[in-house]
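Structural description and commentary
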Amino acid sequence: MLELQNIKKTFHKGRESVVAVDDVSFEIKSGEILGLVGESGCGKSTISRIIMQLLIPDSGSVTLGDVNLTALPRKEIRRHRLDFQMVFQDPYASLNPRQTIFSTIGEALQQRNPGLKGEVLRKRVGELLETVGLPANQMQRYPHEFSGGQRQRIAIARALAPEPRIIIADEPVSALDVSIQSQILNLLRKLQQELGLTMLFISHDLSVVHYLADRIAVMYGGKIIEHGKASQIFHEPKEDYTRKLLSSVPVLAKLAR
Ligand SMILES: Nc1ncnc2c1ncn2[C@@H]1O[C@H](COP(=O)(O)OP(=O)(O)O)[C@@H](O)[C@H]1O
Ligand SMILES: [Mg+2]
């Protein structure tokens, strides 16, 4: 479905340069959740921005299906934008406070299907809200009328609306209370099972990633240092760094086992 090959990205600030992503390759199969884990600053979000075509890598390629996105002219890339949708850490910041939920999700539906209007649009928005575990009759409310976990559900509904081929979730539960985290993780797992969702799930917390992901890639200093099946990475890590990550994040570990 999605393949990254030898991606490299260096940022320059004056004379200093930071190699944020250093020769990263991985693939995500259709219907699979790949977990990308590593401590803050290791390059995870840079990878997500490269996949989203918001950043151009210095070298390497991003291929979706059989289309090499890195070789396409900018105009053509726009046609593929809807195929990728993001869910961010902070649903407060990513939802427009002046827009009702109906308007936010309705617009996202119309991106794929501009002809959707009136009762049909309302019905689709209601269905999406129910898909993420919210009552359809709350669509005229504003983001501030919801809790943090509910707002993340709304952000997930918005990401699903244009029927993307892949969802990139960058630290989607990191700002939530632990009890709410597991609810959102369970929702994402349900969506994977019921909708065949394909997802890149990014987190600094290995126990969270293990809870959800089919496979895990461990990132350190811009490189992927270990990858494999989620259970293998979690129970029999090969690298010392992965072991360190495991011992530093016990919060959801019990749940994950
Ligand atoms: N736009 C940018 N300009 C300069 N440096 C950046 C920029 N974006 C990220 N970086 C640097 O690249 C490295 C990786 O950052 P990032 O991808 O955000 O890491 P993560 O998401 O894993 O916390 C960090 O050292 C960060 O400071
Ligand atoms: Mg980040």
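Let me sum up the structure you'll find in this document. (Residues numbered from 1 in each chain as written. Chains lettered and ligands numbered in written order. Predicted model: local features only at pLDDT ≥ 70, side-chain atom pairs only at ≥ 80, totals over all residues. Heavy atoms only, no water.)

1. Side note on the overall build of the protein
The helix and strand inventory of the protein stands at eleven helices and ten strands. In the protein, which comprises 257 residues, the proportion classed as buried is 52%. Look at the contacts in the protein between residues 6 or more apart in sequence, and 66% of them connect residues 24 or more apart. Summed over all atoms, the accessible surface of the protein reaches about 12500 Å², with 48% contributed by carbon and sulfur. With 33 positive and 28 negative side-chain charges, the protein shows a spacing of 4 Å between the two charge centroids. (Helix = DSSP H or I, 4+ residues; strand = E, 2+ residues; numbered from the N terminus. Buried < 20%, exposed > 50% of the residue type's maximum accessible area, 1.4 Å probe, protein only. Contact = heavy atoms within 4.5 Å. Areas by Shrake-Rupley, 256 points an atom, 1.4 Å probe, with all protein chains shown as cover. Lys, Arg positive; Asp, Glu negative; His and termini not counted. Charge placed at Lys NZ, Arg CZ, Asp CG, Glu CD.)

2. Regarding the packing of aromatic side chains
Per the stated rule, a full pass over the model turns up one aromatic pair. Ring geometry for Y220 and Y241: centres 4.5 Å apart, planes at 50°, overall tilted. Linking Y220 in strand β9 (residues 215–220) with Y241 in helix α10 (residues 240–248), this pair joins segments that are 21 residues apart in sequence. With a relative accessible area of 43%, Y220 lands in the partly exposed category. When its relative accessible area of 11% is taken as the criterion, Y241 is described as buried. Over the aromatic face of Y211 sits the side chain of R189, whose NZ or CZ is 4.8 Å from the ring centroid. (Phe/Tyr/Trp six-rings, centres within 6.5 Å; stacked < 30°, edge-to-face > 60°. Lys NZ or Arg CZ within 6 Å of the ring centre and 35° of its normal.)

3. So, the pairing of strand β3 (residues 33–37)
Extensive coverage of β3 is indicated by the burial of five of its five residues. Neither face of β3 is open: one carries I33, G35 and V37, the other L34 and L36, and all of them are buried. Taken together, the five bridges between β3 and strand β8 (residues 199–203) define a ladder with parallel strand orientation. Opposite I33, over in β8, you have M199 as the bridge partner. Direction of pairing for β3 relative to β9: parallel, over a ladder of four bridges. If you follow V37 over to β9, its bridge partner there is V218. (Pairing = 2+ DSSP bridges.)

4. A look at the site of ligand 1
Surveying the vicinity of ligand 1 reveals 13 residues, the closest of which are G41, G43, K44, S45 and T46. Residue C42 places a main-chain N or O atom 3.2 Å away from an oxygen atom belonging to ligand 1. Between G43 and ligand 1, the recorded distance is 3.1 Å, taken from a backbone N or O atom to an oxygen atom. Within the complex, the protein chains bury 67% of what would otherwise be the 560 Å² of accessible surface of ligand 1. Among the elements that make up the shell around ligand 1, the one with the highest residue count is helix α1 (residues 44–51) (four residues). Tallied by class, residues from the shell around ligand 1 come to four nonpolar, five polar and four charged. (Near = heavy atom within 4 Å. Polar contact = N/O pair within 3.5 Å; in protein donor to acceptor, adjacent residues only side chain to side chain. Nonpolar A, V, L, I, M, F, W, Y, C, P; charged D, E, K, R; others polar.)

5. Here we look at a positive patch on the surface
A cluster of like positive charges, contributed by R74, K75, R78 and R81, occupies part of the molecular surface. Judged by its relative accessible area of 30%, R81 is partly exposed. (Patch = residues over 30% accessible without salt bridge, like charges linked within 9 Å, V, L, I, M, F, W, Y side chains within 5 Å. Salt bridge = Lys/Arg side-chain N within 4 Å of Asp/Glu carboxyl O.)

6. Some words on unusual backbone geometry
Its identity as a non-glycine residue notwithstanding, D23 has a phi of 60°, on the positive side. Within the element layout of this structure, D23 appears in strand β2 (residues 16–28). For E163, which is not a glycine, the phi torsion comes out positive at approximately 50°. As for its position among the elements, E163 is in the loop between α6 (148–160) and β7 (166–170). You can call E163 exposed: its relative accessible area is 55%.

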